[in-house]
Amino acid sequence: MATANFFLLQLLLLALVGSSLLIKGIVSQDDRKAFIEYMGNRLKNDVSTSSPQHINMLQEITSSDVPSKHLLHSYKRSFNGFAAMLTEEEAKKMAGLEGVVSVFPNRKNKLHTTKSWDFMGFSRQVDRSITEGDLIVGMLDSGIWPESESFSDRGLGRPPSHWKGTCQSSSDFTCNKYINYIIFLIRKLHKYILRAYYGKFGPIDRRSPRDSNGHGSHTASTVAGDEVSMANLYGLAQGTARGGVPSARIAVYKVCWSDGCYDTDILAAFDDAIADRVDLISISIGFSFARDYLRDLIAIGAFHAMRKGILTSTSAGNSGSKFTTITNFSPWSLSVTASTIDRKFFTQVLLGNNKTYEGISINTFDLESKMYPLIYGGHAPNISTGFDASISRDAKQTKDLSFYLKKICSPGTLDPNLVKGKIVLCDAFEQRGPFFAGAIGALLGPTATIHKSYEGHDDLAPYMVSFSSRGPNPVTPDILTPDLAAPGVRILAAWSLLNPVSQVPGDDRFVPYNIISGTSMACPHVTAIAAYIKSFHPSWSPAAIKSALMTTALPMSAEINSEAEFAYGAGQLNPIQSLHPGLLYDANETDYVNFLCGQNYSTEKLRRVTGDDSTCSGSNNGTAAWDLNYPSFALCTATKAFNRTFTRIVTNVGSPTSTYTSVIEAPHGIEIKVIPSNLSFSSLGQKLAFRVIVEGQLDRDILSASLTWADGKHQVRSPIVAFSRQIIL
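Residues numbered from 1 in each chain as written. Predicted model: local features only at pLDDT ≥ 70, side-chain atom pairs only at ≥ 80, totals over all residues. Heavy atoms only, no water.

Overview of the overall build of the protein chain
The helix and strand inventory of the protein chain stands at 16 helices and 34 strands. The 729 residues of the protein chain split such that 58% are buried. Long-range pairs, those at least 24 residues apart, make up 74% of the contacts in the protein chain between residues at least 6 apart in sequence. Of the roughly 29,700 Å² of accessible surface on the protein chain, a fraction of 51% belongs to carbon and sulfur atoms. (Helix = DSSP H or I, 4+ residues; strand = E, 2+ residues; numbered from the N terminus. Buried < 20%, exposed > 50% of the residue type's maximum accessible area, 1.4 Å probe, protein only. Contact = heavy atoms within 4.5 Å. Areas by Shrake-Rupley, 256 points an atom, 1.4 Å probe, with all protein chains shown as cover.)

Okay, structure coming up:
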C-alpha cells in the first residue's frame, strides 16, 4: 500500500544550456573544493574506470592540461555523475553545462544506513542467530527484480531442509539461492485471471515472476535485502540499504498486476506458502473497505497460516486519519501502521516576484530557475470527460464532486491542452493526475519554478503520518487495532527497472532504488523483526512473537497524534528490546476459535474454517472479545460511564525466578485495578493469570492508559483504551 510521494516535475527532463567560459589566470589546488556533479541516469555500456565524458567536461571548465587530476570519482553504476575539485566559479559554470542536473558541495555526512533501521536502534552490528539463514519469509506482492544487488545470493548455501517449494524460472527470470521460490499464479489460475473482471495485463506487466511495479522489490528488500553501499535516489537518502534479516531467504508469491491484486490470487498464494513451509508471511495489500473475518481473504489466509505456526504481518491501509479506516485487523495477524523517521525532504519553489517558499516533498529534477506559467486545476477542466468549466469555485461546499476532483487534480479531470507545459496549482493532490495530462509540475500552493529537493532532519519523529489508516477495529471494537507502528515514510529500498521513478508513463528515468511511503513500507519492517525474534526463539507461537513486538513497543504521544492508540496501537516498533520481552501474552488456535464463537459465528461456518468438529454451542458459547489473551486492552462503551473486567494469562520467558509489579498510568476519568498486583514466577514457561478492572467516566472520546509489568529488568507494557462508540458510527 504505497502512497505516491513524487509531487513535483516527474515527466519533463530539461537540458541546461550554458556557454563555455574559460578560467582566466592560474588557480591553485588550494582554491578548489570537492563538488559533486549529478547528471541523472547512468550512461549505457560505460564500463571504464573514469568516464571520458567527465574528463571532457573538466577540460572545458578548467582549461587544465591534465583535467583528470581534478577528478575524484566517477559515478556510473547506478547513476551518472562525478566528484571533482573545483573553484566556486568553476562549479557555477559546470552547472550551466548541458546534461548537468545539479552541482553541490561535497558536504560532510556521518556514516549511516538508509535510515529506518538505524533510526530504531537496530544497527548492522546487532547479535545474529546462526539460524537466521534457515528462515524463509513469504512475500505476497508484485514480484521481484532478481538482478537487484539487494537480492544477491553471495554467501548463501542450499535452501533450508524444511523448504518444500521450488523456484519457477521463465524466459526473463533466473532463480538463485536467495530467491528460493516464485509462484507464478497466472499459470495456476488462468481461468480466473483472464476474465476481464479478475484482471488483465497492462503494457508493463510481465507474464513472469519479474516485478514490473517495484512495490514487491521494495518490500522484499526491506525485510531481507543484502547490504548495498551507496544506495540512493539521485543522490537523496544515500547510505547502505539493507533488510532487517539479510541472511533470511525470500519466497516471492506474485499476486499483483497493474490491474490490481485479486482475492483468488491472494488466497492461492496463502495456500501455497503454507504448504511450502515458509516461516512468516508478509503482505502489504489491503481492500478499500473493511470485511467480516470470514469474508476477508487475508484474514482467512492468515488464520490458516497461524494454525501452522506462521505469523502474518499486514499493512493497516492508506485510507487516511479518519476512525475505522483500517482494513487489516484480524487478531491472529499483525496490523502495522506507518510512522515517520527523522529524515524528510524539502523542495523550494520560486515565485515570479523572487519570493521563495518551501514545502515537504520529493523532487528529483531541477528546473534550473526557468519560470513556467501557472494554471489552477479548477480552471482546466477536461470537458470531454464531463467536467464542466462553468461550475463555480464554491461548488465544493455544495458537495459538487466534479469540481472537487478538478481541484485536487484527480487523473482524467484536467484538459491536456490547457495544462501542458505549465505548473498546475492543486488544492490537494491525487496520485499523478497533472503529469498524465502533460503538466510540467504540480504544487499545493502558488509558484513559478521548482528546485530539486534536499534532505533535512525531523526533530519530532516518530509520529504518525496522515495517510495511515486508523482504528478502531470496525468488526470487533473491543480488540484494539492497529497493533503497532513502524517506519513507513520516505523509505529507500530496491525498485524495478521496468517502472520509472515517478511511476508515470513517459518518464524515461529508471532507478534501482526508490523512495516511497505507505503502510506497505511499515509492514516489512515489522515482518523483519518478527523473523529476527523467531531466529532466536523458533518455538514461539505467532501470538507470542506478536506479544513480544507489542509489549516492548516505544510509547508514542497522543499530543502529537490525536487519534492516540487508534493511530499507533501499542507504539513504535522497538527491534532490540523485542527480543527480550520478559512476559508473553500467548494464544493458540483454540483461543481464536473460541473468540470466533464469541463473535456469533455458527458451528457450521466454524467447522468449514477449522476442518474439525469445533462447536459454538453447549459448553462453548465463545470467548468475549475483551477476554482474548491479547497484549492490549480496549473498552468500547455506548454510555459515558463504563466498567469492565479483563482476564489475562502471561508466560514467563525472562528470568526463571522473578517478581513483576504492576504499574498503572491513567488520566483523570479512569480508574484501573490489577488483581493480583504482583506476579511471582519460579521457573521459565510458568503461566500466571490476573484480572484488570477498568471503570470510570468518559469526559472525551478517548481515554488512554497503560499497564506495565516490571521486574527491574523488563518493562512489559500494554495500552488500555476506553472510548465512545460514537467514533465508529
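Quick word on the packing of helix 1 (residues 52-62) against helix 2 (residues 88-95)
Across the interface, helix 1 lies against helix 2 with an axial gap of 10 Å and an inter-helix angle of 125°. Taken together, helix 1 and helix 2 sit at an angle that is classed as oblique. Like other packed secondary-structure pairs, helix 1 and helix 2 cross with a definite hand, here right-handed. The segment helix 1 lies against helix 2, with Met57, Leu58, Ile61 and Thr62 engaging Glu90, Lys93 and Met94. (Axes fitted to C-alpha atoms, helices over the stretch in contact; angles between N-to-C directions. Parallel < 35°, antiparallel > 145°, perpendicular 65-115°, else oblique. Left-handed = near helix turned anticlockwise from the far one by under 90°.)

Let's talk about helix 6 (residues 215-224)
The buried fraction of helix 6 amounts to ten of the ten residues, a majority that puts the element mostly inside the structure. Every buried residue of helix 6 is accounted for by His215, Gly216, Ser217, His218, Thr219, Ala220, Ser221, Thr222, Val223 and Ala224.

Some details on the state of the cysteines
Tallied over the entire structure, the rule returns two disulfides. Each sulfur of the disulfide joining cysteine 256 and cysteine 261 lies 2.0 Å from the other. Because the torsion about its S-S bond is 115°, the bridge between cysteine 256 and cysteine 261 counts as right-handed. What makes cysteine 256 buried here is its relative accessible area of 9%. Overall, cysteine 261 belongs to the partly exposed group, its relative accessible area being 28%. (Disulfide = S-S within 2.5 Å.)

Topic: the environment of methionine 120
In this structure, methionine 120 sits in the loop between helix 3 (116-119) and strand 6 (136-141). Taking the C-alpha atoms as reference, methionine 120 lies 8.6 Å from isoleucine 341; in sequence the two are 221 residues apart. Beyond its immediate stretch of four places on either side in the chain, methionine 120 contacts Pro487, His525, Gln572, Leu573 and Pro575.

Quick look at the packing of helix 12 (residues 519-536) against helix 13 (residues 542-551)
Here helix 12 crosses helix 13 at 115°, and the two axes come no closer than 10 Å. Judged by the twist between their axes, the crossing of helix 12 over helix 13 is right-handed. Contact residues: Val526, Ile529, Ala530, Ile533 and Lys534 in helix 12; Ile545, Ala548 and Leu549 in helix 13. Here the contact of helix 12 with helix 13 is composed, by residue class, of seven nonpolar, no polar and one charged. (Nonpolar A, V, L, I, M, F, W, Y, C, P; charged D, E, K, R; others polar.)

So, the sheet that holds strand 30 (residues 670-675)
With antiparallel pairing, the four strands of this open sheet are ordered in space as 26-28-32-30. The outermost strands of the open sheet, each flanked by one partner alone, are strand 26 (583-584) and strand 30. Looking at chain direction, strand 28 (residues 641-652) and strand 32 (residues 687-697) are connected through eleven bridges and run antiparallel. Within strand 32, the residue paired with phenylalanine 642 across the bridge is glycine 696. (Pairing = 2+ DSSP bridges.)

Examining the side chain of arginine 644
As for its position among the elements, arginine 644 is in strand 28. At 2.7 Å, the side chain of arginine 644 and the side chain of aspartate 478 are in polar contact. Beyond its immediate stretch of four places on either side in the chain, arginine 644 contacts Asp478, Trp626, Ala634, Leu635, Cys636, Val692, Ile693 and Val694. (Polar contact = N/O pair within 3.5 Å; in protein donor to acceptor, adjacent residues only side chain to side chain.)

Some thoughts on the sheet that holds strand 31 (residues 678-681)
The mixed open sheet is built from five strands, whose spatial order is 27-34-33-29-31. Taken across any chain shown, the strands that pair with only one partner, and hence form the sheet edges, are strand 27 (633-637) and strand 31. When the angles between neighbouring strand axes are averaged without regard to direction, this sheet yields 15°. Bridge analysis of strand 33 (residues 702-710) against strand 34 (residues 715-724) gives nine bridges, and the strand direction is antiparallel. Residue threonine 708 lies in a different strand from strand 34, and its bridge partner there is arginine 717.

Focus: the confidence of the model for the protein chain
When pLDDT is averaged along the protein chain, the result is 81; 80% of the residues meet or exceed 70. When the criterion is pLDDT under 50, residues 180-199 qualifies, and its contacts beyond four places in sequence or with other chains add up to 59 contacts. Below a pLDDT of 50 lies the segment residues 390-407, which in the model reaches 30 contacts outside its immediate sequence neighbourhood of four places, other chains included. (pLDDT = per-residue confidence, 0-100.)

Digging into the pairing of strand 13 (residues 280-283)
The alternating pattern of strand 13 places Leu280 and Ser282 on one face and Ile281 and Ile283 on the opposite face, and all of these are buried. Both strand 6 and strand 13 contribute to a ladder of four bridges, which runs parallel. Residue pairing across strands places leucine 140 opposite isoleucine 283, the latter belonging to strand 13. Pairing geometry for strand 13 and strand 14 (residues 311-315), over four bridges, is parallel. By the bridge assignment, isoleucine 283 is partnered in strand 14 with threonine 314.

A word on the pattern of salt bridges
Applying the stated criterion to the full structure yields twelve salt bridges. Across the salt bridge formed by aspartate 118 and arginine 242, the nearest N and O atoms sit 3.0 Å from each other. One end of the pair, aspartate 118, is in helix 3; the other, arginine 242, is in the loop between strand 9 (236-241) and strand 10 (249-254), with 124 residues separating them in the sequence. On the accessibility criterion, aspartate 118 (32% relative accessible area) is partly exposed. Taking the relative accessible area as the measure of exposure, arginine 242 reaches 5% and is therefore buried. The residue glutamate 132 makes a salt bridge to arginine 128 at a minimum N-O spacing of 3.1 Å. Judged by its relative accessible area of 30%, arginine 128 falls in the partly exposed class. (Salt bridge = Lys/Arg side-chain N within 4 Å of Asp/Glu carboxyl O.)

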